[in-house]
There are 2 protein chains.
Amino acid sequence: MKWDTLDEEQCSLSRTVAVVGDRWTLLILRECFLRVRRFEGFQSSLQITRHLLSERLKKLVRFGILRRVPYSETPKRYEYILTQKGLDLYPIIMAMVHWGDTHMGDERGRPLLHQHKSCGKLFDPVMVCSECGEALHAKQVHVHAGPGRKEAVA
Amino acid sequence: MKWDTLDEEQCSLSRTVAVVGDRWTLLILRECFLRVRRFEGFQSSLQITRHLLSERLKKLVRFGILRRVPYSETPKRYEYILTQKGLDLYPIIMAMVHWGDTHMGDERGRPLLHQHKSCGKLFDPVMVCSECGEALHAKQVHVHAGPGRKEAVA
DNA sequence: ATTCTATAGTTCTAAAATGGAACTGTCAAA
DNA sequence: TTTGACAGTTCCATTTTAGAACTATAGAAT
């Protein structure tokens, strides 16, 4: 597999995996959603090597997930802010958190609770069908080839 | 970071990342949801090296995502079937597919279309609040420490 | 009886990615 | 003038991955 062209494959999952399909990137995004924005912030909370952090941040900027915004002129300092494209990754992160809560929990209970500002309640994220609103399950879904492809590959 | 103990961290995202946070594992899971079950099936559709495929399948079995089920006695042959724990990864995969459709598409349109058997329509997956049913957005969510942790870490 | 094919791996070596630690450069504050 | 915060870069050892060949079992073909 040539990972450098994975984002051009005829498969939306591959294209997403090309961007966020590694451990550090997912953990960095977690920090972004927890409002971490600066190099030192990521580095100290993740214990990632500075070299890799630098690389991953560049990649996320390159793909338009983060914007590198100056917050000080002298010395030049930047912070990394989620773009809309980055904010749209939220369902992926939440789906992963929820799966972890459900299947990888320990006796102490879940590490974090999520409260929905709109309704005020603690909630779990649920994936539903955009058309009928019912909760989605793998076995209830048929896959068809779309215009961007001939055979089915998810 | 010691990746071998990532699944014991006080963070549900880390625990999930420990299991599915690499490229090959995500692509293997895509194939599982497309009904691929056998070693040769994965190998030929993914072009993954046999060595890595073998390792990843073992890991998925170890974590209870796949079950190794014999389908022939002589010679001994096995296939890999998603467990319920594995089927529950569907929202993660669908969230990634949908993000790819939205943000990484090209002019030809999306590679695959999904039809919901219950309502019969082509749909997109939407993540909603379990309590009020409203679509979730990162900025509408407050994070609190839960029983399994002292500080917030997603 | 011997070769061919299918399936499900394992083994080997070279190349690439990662970890860990130290180093660079700019500026502010003590 | 020295120290510390910040945002990186450089270097080398270790780990992971890619690519290809090899092993093993058994049924089917010659």
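All values derive from a computational prediction rather than experimental measurement.

**Student:** Would you explain the overall build of chain A in this entry?
**Tutor:** Scanning chain A from N- to C-terminus turns up six helices and five strands. Walking chain A from its N terminus toward its C terminus, one meets helices and strands in the order α-α-α-α-β-β-α-α-β-β-β. Taken along the three principal axes of its C-alpha coordinates, chain A extends 55 × 45 × 30 Å. For chain A, the proportion of contacts with a sequence separation of at least 24, taken over those separated by at least 6, is 36%. Counting every atom, chain A has about 7,300 Å² of accessible surface; 49% of that belongs to carbon and sulfur.

**Student:** When you look at the interface of chain A and chain B in this model, what are you seeing that I'm missing?
**Tutor:** For interface size, the figure often reported is the accessible area lost on association. Contact residues are listed per partner, giving 93 residues for chain A and 94 residues for chain B. With both chains or domains summed, chain A and chain B bury close to 8,800 Å², and 67% of this area falls on carbon and sulfur atoms. On the chain A side of the contact with chain B, R23(A), W99(A) and P111(A) bury the most area, a combined 9% of that side's loss. Where chain A meets chain B, there are two salt bridges. Residues D106(B) and R15(A) are paired through a salt bridge, measuring 3.3 Å at the closest nitrogen-oxygen approach. Sorting the residues of the side of chain A that touches chain B by element identifies α1 (12–20), α2 (23–33), α5 (84–87), α6 (90–103), β3 (112–116), β4 (125–129) and β5 (141–145) of chain A as the ones contributing at least two each. At 12 residues, the largest contribution of residues to the side of chain A that touches chain B is made by α6(A). Within the side of chain A that touches chain B, the residues separate by chemical class into 50 nonpolar, 21 polar and 22 charged.

**Student:** Mind showing me how you'd approach the protein's contact with DNA strand C here?
**Tutor:** Taken together, the neighbourhood of DNA strand C is formed by 22 residues, with L52(A), S54(B), Y71(B), R77(B) and Y80(B) sitting nearest. Counting only atoms of DNA strand C within 4 Å of the protein, the sugar-phosphate share comes to 62%. Residue R77(A) places a side-chain N or O atom 3.5 Å away from a base oxygen belonging to DNA strand C. Interatomic distance of 3.2 Å between a backbone N/O atom of Y78(B) and a phosphate oxygen of DNA strand C. Contributing elements (two or more residues each) for the surface near DNA strand C: α4 (50–62) of chain A together with α3 (39–46), α4 (50–62), β1 (66–72) and β2 (77–82) of chain B.

**Student:** Sorry, what's going on with α3(B) here?
**Tutor:** Because an α-helix completes one turn every 3.6 residues, residues spaced three or four positions apart along the sequence face the same direction. By the burial criterion, the buried members of α3(B) are F42(B), Q43(B) and L46(B). Looking straight down α3(B), one finds its buried side chains confined to an arc of 95 degrees; they lie on one side.

**Student:** Sorry if this is basic, but what is going on with the relation of the copies chain A and chain B here?
**Tutor:** Two chain copies, one operation linking them: a rotation about an axis together with a shift along it. Mapping chain A onto chain B is achieved by rotating through 180 degrees and translating by 0.0 Å along the same axis, at an RMSD of 0.0 Å. This pairing of chains is accounted for by a two-fold axis. Residue by residue, 100% of the interface of chain A is reproduced at the interface of chain B, so both copies engage with the same surface.

**Student:** Whenever I open this one, the state of the cysteines confuses me. Can you help?
**Tutor:** Cysteine pairs can be covalently joined through their sulfur atoms, and such a bond is termed a disulfide. Evaluated as defined, the whole model comprises zero disulfides over all chains. The thiol of C11(A) is not disulfide-bonded; the next cysteine sulfur, from C32(B), is found 14 Å away. Under the relative-accessibility criterion, C11(A) is labelled buried at 1%. As a non-bridged cysteine, C132(A) has C129(A) as the owner of its nearest cysteine sulfur, 3.8 Å distant.

**Student:** I tried to follow the side chain of H114(B) on my own but got confused; where do I start?
**Tutor:** Mapping H114(B) onto the fold places it in strand β3 (residues 112–116). In this structure H114(B) touches V141(A), H142(A), V143(A), Y90(B), M94(B), V97(B), K121(B), L122(B) and F123(B), once residues within four positions along its chain are discounted.

**Student:** Please clarify how empty space enclosed by the protein should be interpreted in this entry.
**Tutor:** Over the atoms, a rolling probe the size of a water molecule traces out where space has been left empty. Residues and elements named next belong to chain A. What the rule picks out here adds up to one cavity of 30 Å³ or more. Of the volumes computed, that of the largest cavity is approximately 40 Å³. Along the walls of the largest cavity sit M94, V97, H98, D101, R110, H114, F123, D124 and P125, which together make up its complete lining. Residue contributions to the lining of the largest cavity peak at four residues, all from α6. A per-class count over the lining of the largest cavity returns four nonpolar, two polar and three charged.

What counts and what doesn't
- Residues numbered from 1 in each chain as written.
- Chains lettered and ligands numbered in written order.
- Predicted model: local features only at pLDDT ≥ 70, side-chain atom pairs only at ≥ 80, totals over all residues.
- Heavy atoms only, no water.
- Helix = DSSP H or I, 4+ residues; strand = E, 2+ residues; numbered from the N terminus.
- Contact = heavy atoms within 4.5 Å.
- Areas by Shrake-Rupley, 256 points an atom, 1.4 Å probe, with all protein chains shown as cover.
- Buried area = accessible area lost by both parts, 1.4 Å probe.
- Salt bridge = Lys/Arg side-chain N within 4 Å of Asp/Glu carboxyl O.
- Nonpolar A, V, L, I, M, F, W, Y, C, P; charged D, E, K, R; others polar.
- Near = heavy atom within 4 Å.
- Polar contact = N/O pair within 3.5 Å; in protein donor to acceptor, adjacent residues only side chain to side chain.
- Buried < 20%, exposed > 50% of the residue type's maximum accessible area, 1.4 Å probe, protein only.
- Arc of directions from axis to C-beta.
- Least-squares fit on C-alpha atoms with pLDDT ≥ 70 in both.
- Disulfide = S-S within 2.5 Å.
- 1 Å grid on protein atoms, 1.4 Å probe; cavity = no way out; pocket = protein on both sides within 12 Å on 5 of 7 lines; lining within 4 Å.
- Points joined across faces, edges and corners; volume = space filled by probe spheres on them.

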